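A look at the structure
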Amino acid sequence: GEAGEASDASGIAAILGLPHPARVDDLVLVAHVEKGLPSSAVEALIERIDPTGEHVEIMDLVPKATYFRRKAKGQPLTREQSERIVGLARVVVESLRLYGQDSARALAFLSAAHPLLKGRAPLDMAKESTLGAAIVLKLLGRADAGAAA
């Protein structure tokens, strides 16, 4: 329902280090994506799910030169980059929810090859595109229902 969507949006905002996450709903999140997320959102997301950088690096989400240039100039990321980052953040929020906010267990699930993804790791699929992230969310929904994990 709508309450769940609002908390999803605020959970995503919190993971991305956006200001006042509790007040962020879907429309506010869309506005952030349209004007471009701050480069700090990438760091916040990686710090939350993979602090060692073993499975996710900044350049998986934003080309390194672009990232550092935009960061240095205080410019936001592009809309496309922002959409991919929000897609991955949604997957992270959902996997943390599924694993009781246990980052290590969520990362273990996300980084392991999965038979329903033809042996690809959910994290690799989720960071490639918004469609990949949507497929992983569906997988997490099935795991939540007890059909796969």
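Everything in this summary refers to the structure shown in the same document. The residue count restarts for each chain, going from 1 along the sequence in the order it is written. The predicted origin of the model limits local features to residues at a pLDDT of at least 70 and limits the giving and counting of side-chain atom pairs to 80 or more, whereas totals for whole chains, interfaces and linings rest on all residues. The basis for every side-chain value is the complete set of non-hydrogen atoms in the structure, without hydrogens or water.

**Describing the pattern of salt bridges**
In plain terms, the rule: A pair is scored as a salt bridge if a Lys or Arg side-chain nitrogen falls within 4 Å of a carboxyl oxygen belonging to Asp or Glu. Here a helix means four or more residues in a row that DSSP labels H or I, a strand means two or more in a row labelled E, and each is numbered from the N terminus. Throughout this description, buried means an accessible area under 20% of the type-specific maximum (1.4 Å probe, protein chains only), exposed means over 50%, and partly exposed covers the range between.
Counting across every chain of the model gives eight salt bridges. For Glu83, the salt bridge goes to Arg79, with nearest N and O atoms at 3.5 Å. With Glu83 and Arg79 both in helix H6 (residues 79-98) and four residues apart, this pair spans about one turn of that helix. Overall, Arg79 belongs to the partly exposed group, its relative accessible area being 46%. Connected through shared salt-bridge partners, Glu34, Arg79 and Glu83 make up one network.

**Some thoughts on helix H2 (residues 26-35)**
Side chains three or four residues apart in an α-helix point the same way, a direct result of the helix having 3.6 residues per turn. Using the following cut-off: In this description, one arc is meant: the one made by directions from the helix axis to the C-beta atoms.
Those residues of H2 that fall on the buried side of the exposure criterion are Leu29, His32 and Val33. Along H2, the residues classed as buried sweep out an arc of 95° about the axis, all on the same side. Among the exposed residues of H2, those oriented more than 90 degrees off its buried face are Leu27 and Lys35. Positioned one or two residues after H2, Gly36 has a phi angle of 95°, which is positive.

**A word on the environment of Leu98**
Counted only if it meets this: Throughout, a contact is declared for two residues whenever any of their heavy atoms are within 4.5 Å.
The residue Leu98 is located in helix H6 in this model. Taking the relative accessible area as the measure of exposure, Leu98 reaches 21% and is therefore partly exposed. In sequence terms Leu98 and Leu140 are 42 residues apart; their C-alpha atoms lie 7.8 Å from each other. Not counting chain neighbours up to four residues away, the residues in contact with Leu98 comprise Leu140, Ala143 and Asp144.

**Thoughts on the environment of Glu34**
Looking at the element boundaries, Glu34 is found in helix H2. Expressed as a C-alpha distance, the spacing of Glu34 and Thr52, which sit 18 residues apart in the sequence, is 30 Å.

**Some thoughts on the packing of H6 against helix H9 (residues 130-144)**
Rule in force here: Axis angles are defined between N-to-C directions and span 0 to 180 degrees, where every axis is a line fitted to C-alpha atoms and, for a helix, only to the segment in contact. Any angle from 65 to 115 degrees is called roughly perpendicular, while one under 35 is roughly parallel, one over 145 is roughly antiparallel, and all others are oblique. Each residue is assigned to one class: nonpolar for Ala, Val, Leu, Ile, Met, Phe, Trp, Tyr, Cys and Pro, charged for Asp, Glu, Lys and Arg, and polar for all the others, Gly among them.
As a packed pair, H6 and H9 sit with axes 9 Å apart at the nearest point and diverge in direction by 10°. Taken together, the axes of H6 and H9 are roughly parallel relative to one another. Between H6 and H9, the residues in contact are Glu83, Arg84, Gly87, Leu88, Arg90, Val91, Glu94, Ser95, Arg97 and Leu98 and Thr130, Ala133, Val136, Leu137, Leu140, Ala143 and Asp144, respectively. Looking at the contact of H6 with H9 residue by residue, the class counts come to eight nonpolar, three polar and six charged.

**Points about the side chain of His32**
Mapping His32 onto the fold places it in helix H2. For His32, a relative accessible area of 12% corresponds to the buried category.

**Quick word on unusual backbone geometry**
Here Gln101, not a glycine, exhibits a phi torsion of approximately 65°, which is positive. We note that Lys118 has phi near 55°; this positive angle belongs to a residue other than glycine. Among the secondary structure elements, Lys118 is positioned in the loop between helix H7 (103-111) and helix H8 (122-128).

**A few points about the nonpolar core**
In plain terms, the rule: By convention a nonpolar core is built from buried Ala, Val, Leu, Ile, Met, Phe, Trp, Tyr and Cys residues, the set being connected through side-chain atoms within 4.5 Å.
Core analysis: the largest hydrophobic core is formed by 41 residues, its most contacted members being Leu16, Leu45, Leu61 and Ile85. Taken together, the elements giving at least two residues each to this core come down to helix H1 (2-15), H2, helix H3 (40-49), H6, H7, H8 and H9. For this core, the element with the most residues is H6, which contributes eight residues.

Any link to function would need more than the numbers given here.
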